[in-house]
Amino acid sequence: MASLSLGLSLSRKKNALRNAAVERKNLLTVCRLSVKTLIDRSCFETIDDSAPEFVNFASILEQILSHRLKGQITWFGYESPRSFWDYIRVACSKVSHSCICSIENMENVSSSRAKGRAWIRVALMEKRLSEYITAALRDYKTTRRFYDDGAIVLGEEANMLAGMLLGLNAIDFSFCLKGEGLDGNYPAVIDYTPYLKFTQSSDSISSDEEELRTLGSSGSESSTPENIGPPFIMDENSWYNKCKRVEQKYRLALEQKGYLEELVRLREAQLSESVSQNKLLLQRIEGIGLNHKLEKEQLEYIIVELQDQLTVLKNNDLRARQELTNHLTNQWPSPGAVEFNAVALDTLRYQKHSERWDEKRFHSLGPLSADASLSQISFDPGQSQDGNGKQGGSHLSEGKEDTPSLLGLCGSLTSVASYKSLTSLKSSEYLASPTTDMTSPGLTPS
């Protein structure tokens, strides 16, 4: 019993694997045939929602993307069905300039299945269906999270699917996103009849005719061999229709060839114009570069000249400062020289005034001797013993200038206090003259 149950389980597993492989192979084969029929139909007319080839292709692609798709687990542990749009929305979210957000925000499309069908149509109009499928398959973690083992998108056939869908980029689609095809209330059903045509060989046709004759003679008299003629007439009509189609294809190819030739001519004219504009731009760039180089050289020359002028101005300013310093130094001598010159000047003034005063005293005294009068005048000129002394003091004061050096000093020239007062007056730029000191009434000769 154990071996029997084990054998049954193994046979069931083999049958399941065989059924899954056949299902994947059938879907991929039918998808390849539907792509071919779409490309063939696009040579005669524009593909829209009414084309049966497109309706069949959309159903096949929906079946492929829904193959072994996992359900959504709810909070209560139940598994609810899920549409392939949930997988596409997550897996294609990183595609640049994708239509995912616009489809998600569509107002007239509410169900998840309807949004997936709208995405198929928009991707075909954008000619990016293969790009979306390739980007979704690259996100293996998301694909593994949404699909069970044995799904088409998890097998090696997925790369074949992306390659097959690449041929649809050559077709111009025109869809209405408000049509009945977006209704998500009914599932997609594949029509296999366009791909199940069987053509007999010549040998099989002859044998079949003989069988039909025998069956017709035995069955009824009406079934004569003449009744076999209409199929051959239909074959002639079919050949005529095929010739018409080939002629239409030839005309369409001829028109496309003329359009492409005209387009090539236009592109060649645009290319020649672009080349001429490029040459002009290169010449302008060369001229601008040459002008820039000349302006740079001129600016460098101007900078060097300004630096030289600045150096000359700095030298002139330094020389002028030195000359001004020397001039001020020569004009205002040192304090020792100023003090020495002031003392010499006051001594000279004192000698001149003393000579005048001696002459006046000599003429006023008369019989006095010159030595006595000179000694008395030189040693006691400020004594007022008689009226003549007062007159001499008045004459001396009248002859001298009214300067700060005439300020009287207290004490004797030999005393320390008078020397300190004389030093302080000299330091405050008031130099006392010896004449004033000698003629002041408070001084006595040493």
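Note that the coordinates shown come from a computational prediction; the quantities given were computed from them, not determined experimentally. (Residues numbered from 1 in each chain as written. Predicted model: local features only at pLDDT ≥ 70, side-chain atom pairs only at ≥ 80, totals over all residues. Heavy atoms only, no water.)

### Points about the overall build of the protein chain
- A tally of regular secondary structure across the protein chain gives 15 helices and two strands.
- Taking all 446 residues of the protein chain together, the buried fraction comes to 23%.
- Long-range pairs, those at least 24 residues apart, make up 71% of the contacts in the protein chain with a sequence separation of at least 6.
- Accessible surface computed for the protein chain: about 31,800 Å², of which carbon and sulfur atoms make up 57%. (Helix = DSSP H or I, 4+ residues; strand = E, 2+ residues; numbered from the N terminus. Buried < 20%, exposed > 50% of the residue type's maximum accessible area, 1.4 Å probe, protein only. Contact = heavy atoms within 4.5 Å. Areas by Shrake-Rupley, 256 points an atom, 1.4 Å probe, with all protein chains shown as cover.)

### A look at the packing of helix H3 (residues 84–91) against helix H5 (residues 112–126)
- Between H3 and H5, whose axes approach to 8 Å, the crossing angle comes to 55 degrees. It follows from the interaxial angle that H3 and H5 lie oblique. In the crossing of H3 with H5, the sense of the turn from one axis to the other is left-handed. Seen from H3, the contacting residues are Phe84, Trp85, Asp86 and Ile88; seen from H5, they are Ser112, Lys115, Gly116, Arg117, Trp119 and Ile120.
- Here the contact of H3 with H5 is built from residues that sort into five nonpolar, two polar and three charged. (Axes fitted to C-alpha atoms, helices over the stretch in contact; angles between N-to-C directions. Parallel < 35°, antiparallel > 145°, perpendicular 65-115°, else oblique. Left-handed = near helix turned anticlockwise from the far one by under 90°. Nonpolar A, V, L, I, M, F, W, Y, C, P; charged D, E, K, R; others polar.)

### A look at unusual backbone geometry
- Not every positive phi belongs to a glycine, and arginine 68 is a case in point at roughly 55 degrees.
- Tracing the sequence through the fold places arginine 68 in the loop between helix H2 (52–65) and strand E1 (72–73).

### Section: the pattern of salt bridges
- Under the criterion given, the structure shown has 15 salt bridges.
- As a salt-bridge pair, aspartate 149 and arginine 144 come within 2.5 Å of each other at their nearest N and O atoms.
- Judged by its relative accessible area of 37%, arginine 144 falls in the partly exposed class. (Salt bridge = Lys/Arg side-chain N within 4 Å of Asp/Glu carboxyl O.)

### Digging into a nonpolar patch on the surface
- A surface patch of nonpolar side chains, amounting to about 520 Å² of accessible area, comprises Leu299, Tyr301, Ile302, Ile303 and Leu306.
- Residue classification places isoleucine 302 among the partly exposed positions, given a relative accessible area of 41%. (Patch = residues over 30% accessible without salt bridge, like charges linked within 9 Å, V, L, I, M, F, W, Y side chains within 5 Å.)

### Digging into the UniProt feature "coiled-coil region" (unreviewed entry) in the protein chain
- UniProt marks residues 296–323 with the feature "coiled-coil region" (unreviewed entry), using the numbering shown here.
- Span residues 296–323 is 100% helix and 0% strand, its end C-alpha atoms 40 Å apart. (UniProt positions renumbered as here; feature names shortened; annotations may be inferred.)

### Section: the confidence of the model for the protein chain
- Residues at a pLDDT of 70 or more form 65% of the protein chain, whose mean pLDDT is 74.
- Overall, residues 218–234 carries pLDDT values under 50, and its contacts beyond four positions in sequence, including any with other chains, amount to six contacts.
- Below a pLDDT of 50 lies the segment residues 425–446, which in the model reaches 47 contacts outside its immediate sequence neighbourhood of four places, other chains included. (pLDDT = per-residue confidence, 0-100.)

### A short note on the layout of surface pockets
- Estimates place the volume of the largest pocket at around 830 Å³.
- In this structure, the largest pocket is lined by 23 residues; those nearest its centre are Thr37, Asp40, Pro194, Lys197 and Arg245.
- Listing elements by their share of the lining of the largest pocket, those giving two or more residues are helix H1 (2–42), H2 and helix H10 (229–331).
- Sort the elements by how many residues they give to the lining of the largest pocket and H10 lands first, with six residues. (1 Å grid on protein atoms, 1.4 Å probe; cavity = no way out; pocket = protein on both sides within 12 Å on 5 of 7 lines; lining within 4 Å. Points joined across faces, edges and corners; volume = space filled by probe spheres on them.)

### Quick notes on H2
- Along its 14 residues, H2 runs 20 Å from first to last C-alpha, staying within 8% of the 20 Å computed at 1.5 Å per residue.
- With respect to burial, H2 is a largely interior element, ten of its 14 residues being buried.
- Every buried residue of H2 is accounted for by Phe54, Asn56, Phe57, Ala58, Ser59, Ile60, Leu61, Glu62, Ile64 and Leu65. (Expected span 1.5 Å × (residues − 1).)

### A look at empty space enclosed by the protein
- With the rule as written, the count across this model stands at one cavity of 30 Å³ or more.
- Taken as a whole, the largest cavity holds about 40 Å³ of empty space.
- As for the largest cavity, its lining consists of Leu65, Tyr87, Ile88, Ile133, Ala136, Leu137, Val153 and Leu161.
- Elements that contribute at least two residues to the lining of the largest cavity include exactly H3 and helix H6 (129–138).
- Ranked by residue count, the leading element in the lining of the largest cavity is H6, at three residues.

### Some thoughts on the side chain of threonine 143
- Tracing the sequence through the fold places threonine 143 in helix H7 (residues 140–146).
- Here aspartate 139 takes part through its backbone oxygen, which lies 2.9 Å from a polar atom of the side chain of threonine 143.
- In this view, threonine 143 contacts Tyr87, Ala136, Leu137, Val153 and Leu154; residues no more than four positions away in its chain are not counted. (Polar contact = N/O pair within 3.5 Å; in protein donor to acceptor, adjacent residues only side chain to side chain.)

### Comments concerning the packing of H2 against H5
- Packing of H2 against H5 brings their axes to within 11 Å, and their N-to-C directions diverge by 120 degrees. As far as their axial angle goes, H5 and H2 are oblique. For the pair H2 and H5, the sense of crossing is right-handed. Residues Phe54, Phe57, Ala58, Leu61, Glu62 and Leu65 of H2 touch H5, and the partners they reach there are Arg113, Arg117, Trp119, Ile120, Arg121 and Leu124.
- Here the residues of the contact of H2 with H5 sort into eight nonpolar, no polar and four charged.

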